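Geometric and topological summary
One letter stands for each residue in the lines below.
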2 protein chains.
Amino acid sequence: MSLSSQYNVITSPLGDGLHKDGKRLTPQRLKVLNLFENIGYGKHLSAEEVHEKLVKSSSKVSLATIYRTLRLLVQMGLLHELELSEGGHRYELLSNDTPDHHHLICIRCGRTEEFENEEVLEAGKVAAKINGFKLIESSLNVRAICPNCI
Amino acid sequence: MSLSSQYNVITSPLGDGLHKDGKRLTPQRLKVLNLFENIGYGKHLSAEEVHEKLVKSSSKVSLATIYRTLRLLVQMGLLHELELSEGGHRYELLSNDTPDHHHLICIRCGRTEEFENEEVLEAGKVAAKINGFKLIESSLNVRAICPNCI
DNA sequence: TATTCTCAATAATAACTCTAGATGAGAGTA
DNA sequence: TACTCTCATCTAGAGTTATTATTGAGAATA
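Residues numbered from 1 in each chain as written. Chains lettered and ligands numbered in written order. Predicted model: local features only at pLDDT ≥ 70, side-chain atom pairs only at ≥ 80, totals over all residues. Heavy atoms only, no water.

A few points about the packing of helix α2 (residues 27-39) of chain B against helix α3 (residues 47-56) of chain B
All names here are of chain B. The test is simple: Axis definition: a line fitted to C-alpha atoms, limited for helices to the stretch in contact. Angles are taken between N-to-C directions and run from 0 to 180 degrees. By the criteria applied, helices consist of DSSP H or I runs no shorter than four residues and strands consist of E runs no shorter than two, each listed in order from the N terminus. When describing relative orientation, an angle under 35 degrees is termed roughly parallel and one over 145 degrees roughly antiparallel, while 65 to 115 degrees is termed roughly perpendicular and anything else oblique. Any pair of residues with heavy atoms lying within 4.5 Å of one another is described as a contacting pair.
Following both chains from N to C, one finds α2 and α3 inclined at 100 degrees, their axes separated by 11 Å at the closest point. Relative to α3, the element α2 lies roughly perpendicular. When α2 is examined against α3, the residues Lys 31, Val 32, Leu 35 and Phe 36 are found in contact with a partner set consisting of Val 50, Lys 53 and Leu 54.

Quick word on the confidence of the model for chain A
Residue and element names in this part refer to chain A. Inclusion rule: What pLDDT expresses is the predictor's confidence in each residue, scored from 0 to 100.
In the predicted model, chain A carries a mean pLDDT of 83, and 85% of its residues have values of at least 70. Across chain A, helix α4 (residues 63-75) holds the top mean pLDDT of 97, while strand β4 (residues 101-106) sits lowest at 80. A low-confidence stretch, residues 1-6 (pLDDT under 50), is modelled with four contacts involving residues beyond four sequence positions or located in other chains.

Looking at the protein's contact with DNA strand D
Quick note on the threshold: Throughout, near means a residue has at least one heavy atom within 4 Å of the molecule or strand. Polar contacts, as counted here, are pairs of nitrogen or oxygen atoms within 3.5 Å of one another; within protein the pair requires one atom able to donate a hydrogen and one able to accept it, and residues that are adjacent in sequence qualify only if both atoms are side-chain atoms.
Taken together, 26 residues lie around DNA strand D, and A:His19, A:Leu25, A:His89, B:Arg29 and B:Thr65 are the ones closest in. Taken together, the sugar and phosphate atoms account for 64% of what DNA strand D places within 4 Å of the protein. Between DNA strand D and B:Arg24 there is a distance of 3.0 Å, counted from a phosphate oxygen to a backbone nitrogen or oxygen. Between B:Arg29 and DNA strand D, the recorded distance is 2.6 Å, taken from a side-chain N or O atom to a phosphate oxygen. Those elements giving two or more residues to the surface near DNA strand D turn out to be α4 of chain A together with α2 and α4 (63-75) of chain B. Per-element tally for the surface near DNA strand D: the top contributor is α4(A), with four residues.

A short note on the nonpolar core
Going by this rule: Note on terminology: a nonpolar core comprises buried Ala, Val, Leu, Ile, Met, Phe, Trp, Tyr and Cys residues joined through side-chain atoms within 4.5 Å. Each residue is assigned to one of three classes by its accessible area relative to the maximum for its type, calculated with a 1.4 Å probe on protein chains only: buried under 20%, partly exposed between the two thresholds, exposed over 50%.
Residues A:Leu104, A:Phe133, A:Leu140, B:Leu104, B:Phe133 and B:Leu140 are the most contacted members of the largest nonpolar core, which totals 28 residues. Taken together, the elements giving at least two residues each to this core come down to β4, α5 (118-130) and β6 (134-145) of chain A together with β4 (101-106), α5 (118-130) and β6 (134-145) of chain B. Apart from the residues within four sequence positions on either side, B:Leu104 is in contact with A:Ala127, A:Ala128, A:Asn131, A:Phe133, B:Arg111, B:Thr112, B:Glu113, B:Phe115, B:Val142 and B:Ala144. Core analysis: the second largest hydrophobic core is formed by 22 residues, A:Leu18, A:Leu25, A:Leu35 and A:Ala47 among them.

Looking at the side chain of A:Ser59
Residues and elements named next belong to chain A. Checked against the element boundaries, Ser 59 lands in the loop between α3 (47-56) and α4. For Ser 59, a relative accessible area of 14% gives the class buried. Other than its neighbours up to four places away in sequence, Ser 59 contacts Lys 31 and Leu 54.

A few points about the protein's contact with DNA strand C
Rule in force here: Residues are grouped as follows: nonpolar covers Ala, Val, Leu, Ile, Met, Phe, Trp, Tyr, Cys and Pro; charged covers Asp, Glu, Lys and Arg; every other residue, Gly included, is treated as polar.
Taken together, the neighbourhood of DNA strand C is formed by 27 residues, with A:Arg29, A:Thr65, B:His19, B:Leu25 and B:His89 sitting nearest. When atoms of DNA strand C within 4 Å of the protein are sorted by moiety, sugar and phosphate together comprise 65%. In terms of residue class, the surface near DNA strand C is built from 10 nonpolar, nine polar and eight charged.

Details of α2(B)
Looking at α2(B), one finds that the buried residues are B:Leu30, B:Val32, B:Leu33, B:Leu35, B:Phe36, B:Glu37 and B:Asn38. Immediately downstream of α2(B), the backbone of B:Gly40 shows phi near 95 degrees, a positive value.

Considerations on unusual backbone geometry
The residue A:Ser58 is not glycine, and still its phi comes out positive at about 50 degrees. Counting through the fold element by element, A:Ser58 comes out in the loop between α3 and α4.

Considerations on the pattern of salt bridges
Residue and element names in this part refer to chain A. Going by this rule: Salt-bridge detection follows one rule: a side-chain nitrogen of Lys or Arg within 4 Å of a carboxyl oxygen of Asp or Glu.
What the rule picks out here adds up to two salt bridges over all chains. The shortest N-O distance in the salt bridge between Arg 90 and Glu 49 comes to 2.9 Å. Of the two residues, Arg 90 sits in strand β3 (residues 89-93) while Glu 49 sits in helix α3, which places them 41 residues apart along the sequence. Taking relative accessible area as the criterion, Glu 49 reaches 26% and is therefore assigned partly exposed.

Details of a negative patch on the surface
Cut-off, in case you're wondering: Surface patches are defined over residues having more than 30% relative accessible area and no salt bridge, joining like charges when they lie within 9 Å and nonpolar side chains (Val, Leu, Ile, Met, Phe, Trp, Tyr) when within 5 Å. Areas reported here follow the Shrake-Rupley algorithm with a probe of radius 1.4 Å; residue values treat only the protein chains shown as occluding. Counted as positive: Lys and Arg. Counted as negative: Asp and Glu. His and the chain ends are not counted at all. Lysine's charge is taken at NZ, arginine's at CZ, aspartate's at CG and glutamate's at CD.
Among the surface-exposed residues, A:Glu118, A:Glu119, A:Glu122, B:Glu118, B:Glu119 and B:Glu122 lie close enough to one another that they form a single negatively charged patch. Among the elements of the structure, α5 of chain A together with α5 of chain B are those that each provide at least two residues to the negative patch. Among the structural elements, A:Glu122 can be located in helix α5. Given a relative accessible area of 39%, A:Glu122 falls into the partly exposed group.

Right under this line is the structure:
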């Protein structure tokens, strides 16, 4: 039996999106997406810049793969493509759902509800600042039992 | 190649604890632990009570397995054993770290810092109430980059 | 009564195999 | 310059097998 039938294995949005399509989660794809997550929202890079940055961080990924991966991540809705008037394209991280999204998860049936909360976002910011971290995103997971399962 | 070598598969504390010891994550073990999580902290049950409750919820687990599992969960530090003067033992969920614990996680090196925050706990409570869920616990995960990795 | 032991049957999961999807290097295209 | 294509090589992950931990039922123990 493969692990995918386990009760409690949680996978990434990238992995999930790829797998349900017969596609594969590769180190290269992860590196490209991580790069965008690291630089944060609102910043855009060209394919060449992505390539340079990965090479500098001793993560060699070929330019052809960069192009293929950028196209894929745009198709998956994880990146946004900007067309420049000077020619060429740039890519930026697309927040895939409500910013500052939190989840209420039923531990019995897995039902999930999203909600927003400003104080939670603020708490994340403060914690990051105190510890000298650069914030990327925060998500509150509330483990609970839904009405149907009580 | 087995999934365990993947980059981004997150497993449960129970699964992790068992696997690193060559032990297995079984439905029975999960059911027993879930039962304690569902009734919440501070409440204790005897082996017989655990058995009854599981049988009632149409989750048949043999009494022998209940005893074996309770001993295991105590060894793993997930449950606490109380010795009663009238004879027999009772078990209760052990909060394995700071209650209302939140995590600041470096997405590059994996370094993790814990912190507490009252507003976050409150936000979880409110969200659970609005949606009719019974709260179990909430944890805020802040994805960020630590000083060493910036 | 509360708990443990025995042992045949069951099943979690590590290990291995295999195949199609993905990559790298470099040539091709516009 | 900006990107795509080709193709040999590589590898992610599905599928399968095999091993051995775990379970259930009931007897045994204290």
